[in-house]
Amino acid sequence: MLLLCNYYVTYRCNAYCTFCHFGNHDNFRNTPFAEFEDFKSNIKQISQLGVKFIDLTGGEPLLHKEIHLMAEFAKEFKMQTSITTNAMLYPKIAEKLAGKIDLLHFSLDSPDEEEHNKIRKVDCYKLVLNSINIAKSLGEFPDILFTVTNDTYRKLPRMHEIARKYDLVLLVNPVFSYFGNPGLNEQAIDFIEEYSEGKSDIYLNRGFLKLRRDGGNDINNPSCKAVSRVIVISPYNEIILPCYHFEHERIKIDKPIKEIRSSGKVKEFRKMEGRFDYCQGCTVNCYFEPSFAFPTNAYAIASLDSKIKYGFNKLVKQKIKKIIN
């Protein structure tokens, strides 16, 4: 059952984050932006296949000059929209995006300006805080997304203070090992789990932590549903299999997506999801979030509490605040 589309509107980025695979810009500098006409065709098709959520991602998605039109078009098909941004370009497009993004995430990697800018390798700390103020002035409630690493996990209490100051939810995003970056160690996992306990304004998917404690995805008993629940589309107008991070196959969208999804090749990838050798130990959050959507295993059950609290914050508390304001 398809739930989510990770739509890479561009691979380009205007930051150079130390923990991100896009930090090597040589591979992405000249990549294209997704064509809007392709986007519209694809959205129509995947909505008919059951997709309810679309993550407009990158690279830095706000580099795409038609990103607001993309979000607006997806909303016409009753899709929940999300964007994660470094917020550098948000002030310029804030009014155009207002009301079109259900889950707007501003990345903030440290409560300390110098450390955040060092991680991002660009001076953008103040832009994030300014973007928060702009968003709130427009009636938006962005989340602050804190990608936690072994170097920054002890900053969680101070990050929580910032989120509380702005009356926003803090998303704790455990870094995953990829391209040589180490994942969280046990000490970091213990700390963020203990601190987040009982705090309704912190979203921490405990299924992610349990998966890390268990050594990641087990190819003999896989918990990943990257192919059956997620469709990944590139700015080249291709479907990427089995996922973006472990791209093994690209299929050009030159025929109906339903036909592609029914092909023998995709069926084979669906059969093998989470079972490839490179899937062993995987903890990539992008795919385990939808994989844990239903309480079908211990990881999904562990994630339920956090999902319920987050849903209450976004769907109830913040709607009430909008009405009051």
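Scroll up for the structure.
Cut-offs applied
Residues numbered from 1 in each chain as written. Predicted model: local features only at pLDDT ≥ 70, side-chain atom pairs only at ≥ 80, totals over all residues. Heavy atoms only, no water. Phe/Tyr/Trp six-rings, centres within 6.5 Å; stacked < 30°, edge-to-face > 60°. Buried < 20%, exposed > 50% of the residue type's maximum accessible area, 1.4 Å probe, protein only. Lys NZ or Arg CZ within 6 Å of the ring centre and 35° of its normal. Axes fitted to C-alpha atoms, helices over the stretch in contact; angles between N-to-C directions. Helix = DSSP H or I, 4+ residues; strand = E, 2+ residues; numbered from the N terminus. Parallel < 35°, antiparallel > 145°, perpendicular 65-115°, else oblique. Left-handed = near helix turned anticlockwise from the far one by under 90°. Contact = heavy atoms within 4.5 Å. Nonpolar A, V, L, I, M, F, W, Y, C, P; charged D, E, K, R; others polar. Polar contact = N/O pair within 3.5 Å; in protein donor to acceptor, adjacent residues only side chain to side chain.

Enquirer: Where do I start with the packing of aromatic side chains in this structure?
Expert: For any pair of aromatic rings, geometry is given as the distance between the ring centres together with the angle between the planes. Scanning all chains against the criterion turns up 17 aromatic pairs. Judged by centre distance (5.7 Å) and plane angle (20 degrees), the rings of Phe292 and Tyr299 are stacked. Summarising the burial analysis for this pair, Phe292 and Tyr299 share the class buried. Over the face of the ring belonging to Tyr195 we find Lys199, whose NZ or CZ atom lies 4.2 Å from the ring centre. Cation over ring: Arg250 sits above Tyr236, and NZ or CZ is 5.8 Å from the ring centre.

Enquirer: Explain the packing of helix α3 (residues 90-97) against helix α5 (residues 125-137) to me, please; I cannot follow it from the model alone.
Expert: Two numbers describe a pair of packed helices, the interaxial angle and the distance between the axes. The N-to-C vectors of α3 and α5 enclose an angle of 20 degrees; their axes lie 10 Å apart at closest approach. Relative to α5, α3 is oriented roughly parallel. Our pair here, α3 against α5, has a crossing hand that is right-handed. Where α3 abuts α5, its residues Tyr90, Pro91 and Ala94 lie against Asn130, Ser131, Ile134 and Ala135. Split by residue class, the contact of α3 with α5 holds five nonpolar, two polar and no charged.

Enquirer: I keep staring at helix α8 (residues 206-213) and nothing clicks. Help me out?
Expert: Because an α-helix packs 3.6 residues into every turn, residues spaced three or four apart end up facing the same way. Here α8 lies mainly inside the structure; six of its eight residues are buried. Structurally, the start of α8 carries an N-cap: the backbone nitrogen of Gly207 is 2.8 Å from a side-chain oxygen of Asn205. Downstream of α8 by one or two residues, Gly215 has phi in the positive range, about 90 degrees.

Enquirer: I'm lost on unusual backbone geometry in this one. Help?
Expert: The peptide bond linking Leu241 to Pro242 adopts the cis configuration, its omega dihedral lying at -5 degrees. Here Pro242 shows up in the loop between β9 (238-241) and β10 (249-252). Here Asp167, not a glycine, exhibits a phi torsion of approximately 60 degrees, which is positive. Within the fold, Asp167 resides in the loop between α6 (156-165) and β6 (170-174). Asp167 gets classed as partly exposed once you look at its relative accessible area, which sits at 39%. For Asn237, which is not glycine, the phi torsion reads 60 degrees and is therefore positive.

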